[in-house]
Amino acid sequence: MNIALIAGARPNFVKIAPLLKELRSRPAFRTTLIHTGQHYDDVMSGRFFRDLEIDPPDVNLSVGSGSHAEQTAEVMRRLEPLLAERRPGLVLVVGDVNSTVAAAITAVKLGIRVGHIEAGLRSFDRAMPEEINRILTDSIAHMHFVTEESGWQNLLREGVPLESIHLVGNLMIDALEAARPRWEASTIFEDLGLEPGRPFALLTLHRPSNVDDGRAFGRLMGAIDELSEILPILFPAHPRVFPRLATRRSARPAPARGETMPESGLVALEPLGYLDCIALMSRARFVLTDSGGIQEETTVLGVPCLTLRSGTERPVTVTSGTNTLVGSDPARIVEEALWTLISKPRPKSPPPLWDGRAAERIAQVLETAAAGRSEAAGAAAARGQREVR
Ligand code: UD1
């Protein structure tokens, strides 16, 4: 089976790392890795390929940044001739970024089958661009690989046929487990002058609703400033957030090499690579975030996660994990964070199948499907021959 695997942005790279490795270890598959170029800076792309030991992409479409329409259209425009020429038997897309929906539409319109990995997640908030990407991708995909029970139920409710849905676990957790020895060996603590046992918190923010509107960002950062009087809050800032963060007087740069991390304050960092980010997350007293993937990673690491959103498309991280939805009210954020600091961590119970073997299950489903399809094709050919005779 000839498979084209599409990846465009940071969280996609994490998910394709274990999957590509698994597919390339099995003789049943021939794979082409297509990088759309949605993320292109070394800190957003190249470093992830190195950290996660992903083979370099076979093709890079280099679409770059733009408005949603521009970026989506550019992926489609550049991908179409490539897929038309190579005609893979299956296009696999992951997650919910613009590259995901663009690749799915392009493939389906060329008559190529599409598998969506991380299907069925729903925030029920159509103001999120990712929610639109998820709904559209799922509605046209032929195979749906889901990470949690809610995904399964959402798809069934939307009329997706049961036989196309496969609960396989979570590739993010495969990646985390596979890289464990390497992130455990990260030197980020020494690099930042964080002595062993020194409490700190980690903050990530990049959702348009939190960072594009100056007032919303200012309110959130007011709560962060208050908390940063108690312990250092490390904020590796996404490129879209940097300009706003730079205007805040409370943000200070990371300590120079050889200096010690101060006992409090908001510390602005460049975007982190995968290994350093997981290493910091694993030892943080708590994580404040609006990212989807980090809600999942903290659940498995057993680290309290305060999600700065009012809902989540990953409800299992709340019911079986360490996630608490704290919304955007500054008083609530401060209260929940203080409560986390004085209360005992909840015992962790990873969600079903979040065991590092999702890639294996996906490959198994694909092998079975390929065998079924070639059997069906063989039977049809035999039928055809009989009819001709
Ligand atoms: C995208 C995804 C989001 C995902 C996030 C992970 C969509 C709609 N959003 O958001 O779901 O959680 O990636 O990071 O697909 N930029 C750079 N260098 C880069 C890439 C981007 O400087 O390598 C800057 C550009 O100014 C760009 C902006 O970041 O305009 C936003 O990038 P974009 O890919 O459009 O969306 P993200 O916010 O990264």
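Quick look at the structure, then.

**Details of the packing of aromatic side chains**
When we look at a pair of aromatic rings, we describe it by the centre distance and by the angle of the planes.
Point 1. Going through the model one piece at a time under the given rule, you end up with two aromatic pairs.
Point 2. A cation over an aromatic ring shows up here: Arg 283 above the ring of Phe 189, its NZ or CZ 3.8 Å from the ring centre.

**As for the nonpolar core**
One recurring pattern in soluble globular proteins: nonpolar side chains tend to sit buried together.
Point 1. If you look at the biggest cluster of nonpolar residues, it comprises 62 residues, and the most contacted ones within it are Leu 92, Leu 234, Tyr 274, Leu 280 and Leu 366.
Point 2. Setting aside its immediate chain neighbours within four residues, Leu 234 contacts Leu 192, Leu 194, Phe 200, Ala 201, Leu 202, Leu 203, Met 261, Val 267, Leu 269 and Leu 280.
Point 3. Val 211, Leu 227, Leu 266 and Leu 306 belong to the second-largest nonpolar core, a separate cluster that totals 28 residues.

**Focus: unusual backbone geometry**
Glycine aside, a negative phi is what most residues show, and trans is what most peptide bonds show.
Point 1. Of note in the backbone geometry, Ser 62 takes a positive phi value of approximately 50° without being a glycine.
Point 2. By secondary structure assignment, the location of Ser 62 is in the loop between β3 (59–60) and α3 (68–86).
Point 3. Residue Ser 62 is classed as partly exposed on the basis of its relative accessible area, which comes to 46%.
Point 4. The phi angle at Glu 118 is positive, at roughly 80°, despite the residue not being glycine.
Point 5. Position of Glu 118 relative to the elements: it lies in the loop between β5 (113–117) and α5 (129–140).

**A short note on the sheet that holds strand β11 (residues 265–269)**
Strands pair in a sheet through their backbones, by hydrogen bonds, and they do so in one of two ways: parallel or antiparallel.
Point 1. With parallel pairing, the seven strands of this open sheet are ordered in space as β10-β11-β9-β8-β12-β13-β14. Here the strands that pair on one side only, and so sit at the sheet edges, are β10 (251–253) and β14 (323–325). Across the sheet, the axes of successive neighbouring strands diverge by a mean angle of 30°, strand direction being ignored.
Point 2. Summarising the sheet, strand β9 (residues 232–236) and β11 pair through five bridges and their orientation is parallel. In the sheet register, Pro 236 faces β11, and the bridge partner there is Leu 269.
Point 3. Sitting on the sheet, helix α16 (residues 330–342) touches β12 (286–289), β13 (305–307) and β14, and the angle it makes with β12 is about 160°.

**Brief notes about the site of the ligand**
Point 1. The ligand sits among 19 residues. The nearest are His 39, Glu 130, His 206, His 238 and Arg 240.
Point 2. Residue His 39 places a side-chain N or O atom 2.7 Å away from an oxygen atom belonging to the ligand.
Point 3. Within the contact set of the ligand, an oxygen atom lies 2.7 Å away from a side-chain nitrogen or oxygen of Arg 240.
Point 4. Relative to its unbound accessible area of 740 Å², the ligand is 85% covered by the protein chains.
Point 5. At the level of secondary structure, the elements contributing two or more residues to the shell around the ligand comprise α1 (10–24) and α3.

**Here we look at the environment of Asp 212**
Point 1. In this fold, Asp 212 is placed in the loop between α10 (208–211) and α11 (214–227).
Point 2. On a C-alpha basis, the gap between Asp 212 and His 144 in space is 32 Å, while along the polypeptide they are 68 residues apart.

**Section: the pattern of salt bridges**
Side chains that carry opposite charge are capable of pairing whenever their charged atoms lie near each other.
Point 1. Within this structure, the stated rule accounts for 30 salt bridges.
Point 2. Linking Glu 195 and Arg 198 is a salt bridge whose minimum nitrogen-to-oxygen distance equals 3.1 Å.
Point 3. Owing to a relative accessible area of 40%, Glu 195 belongs among the partly exposed residues under this scheme.
Point 4. Of the charged contacts, one joins Arg 314 and Glu 313 as a salt bridge, the two residues approaching to 2.5 Å between their closest N and O atoms.
Point 5. Residue Glu 313 is classed as buried on the basis of its relative accessible area, which comes to 0%.
Point 6. Linked by salt bridges that have partners in common, Lys 15, Asp 96, Glu 118, Glu 131, Arg 134, Glu 296, Arg 309, Glu 313 and Arg 314 make up one network.

**A short note on the environment of Leu 266**
Point 1. Structurally, Leu 266 can be placed in strand β11.
Point 2. Taking the C-alpha atoms as reference, Leu 266 lies 5.0 Å from Ile 233; in sequence the two are 33 residues apart.
Point 3. With residues up to four places along the chain from it excluded, the contact list for Leu 266 reads Met 221, Ile 224, Asp 225, Ser 228, Ile 233, Phe 235, Leu 245, Ser 250, Ala 251 and Arg 252.

**A closer look at the sheet that holds strand β1 (residues 2–7)**
Point 1. Reading across the sheet, the seven strands line up as β3-β2-β1-β4-β5-β6-β7 and stay open at both edges, with parallel pairing between neighbours. If you trace the sheet from one side to the other, it starts and ends with β3 and β7 (165–167), each paired once.
Point 2. Alignment of β1 against strand β2 (residues 30–35), held across six bridges, turns out to be parallel. If you follow Asn 2 over to β2, its bridge partner there is Arg 30.
Point 3. In the packing of helix α4 (residues 98–109) onto the sheet, contacts are made with β1, β4 (90–94) and β5, and the angle to β4 comes to roughly 165°.

**Some remarks on the pairing of β12**
Point 1. By the alternation rule, side chains of β12 split into Phe 286 and Leu 288 and Val 287 and Thr 289, which are all buried.
Point 2. Here strand β8 (residues 201–204) runs beside β12; their pairing, made up of four bridges, is parallel. Bridge pairing links Leu 203 to Leu 288 in β12.
Point 3. Pairing between β12 and β13: three bridges, direction parallel. Its bridge partner lying in β13, Val 287 is registered against Cys 305.
Point 4. Taken together, β12, helix α14 (residues 292–301) and β13 constitute a β-α-β crossover, and its handedness is right-handed.

**Details of the packing of helix α7 (residues 171–178) against α14**
Point 1. Close contact between α7 and α14 brings their axes to 10 Å; oriented N to C, the two are set at 55°. In this view, α7 runs oblique relative to α14, as classed from their interaxial angle. Crossing of α7 over α14 shows right-handed handedness. On α14, the residues that touch Met 172, Ile 173, Leu 176 and Glu 177 of α7 are Gly 293, Glu 296, Glu 297, Val 300 and Leu 301.
Point 2. For the contact of α7 with α14, a count of residues per class yields five nonpolar, one polar and three charged.

Criteria and thresholds
Residues numbered from 1 in each chain as written. Predicted model: local features only at pLDDT ≥ 70, side-chain atom pairs only at ≥ 80, totals over all residues. Heavy atoms only, no water. Phe/Tyr/Trp six-rings, centres within 6.5 Å; stacked < 30°, edge-to-face > 60°. Lys NZ or Arg CZ within 6 Å of the ring centre and 35° of its normal. Core = buried A, V, L, I, M, F, W, Y, C linked by side-chain atoms within 4.5 Å. Buried < 20%, exposed > 50% of the residue type's maximum accessible area, 1.4 Å probe, protein only. Contact = heavy atoms within 4.5 Å. Helix = DSSP H or I, 4+ residues; strand = E, 2+ residues; numbered from the N terminus. Pairing = 2+ DSSP bridges. Axes fitted to C-alpha atoms, helices over the stretch in contact; angles between N-to-C directions. Near = heavy atom within 4 Å. Polar contact = N/O pair within 3.5 Å; in protein donor to acceptor, adjacent residues only side chain to side chain. Areas by Shrake-Rupley, 256 points an atom, 1.4 Å probe, with all protein chains shown as cover. Salt bridge = Lys/Arg side-chain N within 4 Å of Asp/Glu carboxyl O. Right-handed = clockwise from strand over helix to strand, strands pointing away. Parallel < 35°, antiparallel > 145°, perpendicular 65-115°, else oblique. Left-handed = near helix turned anticlockwise from the far one by under 90°. Nonpolar A, V, L, I, M, F, W, Y, C, P; charged D, E, K, R; others polar.

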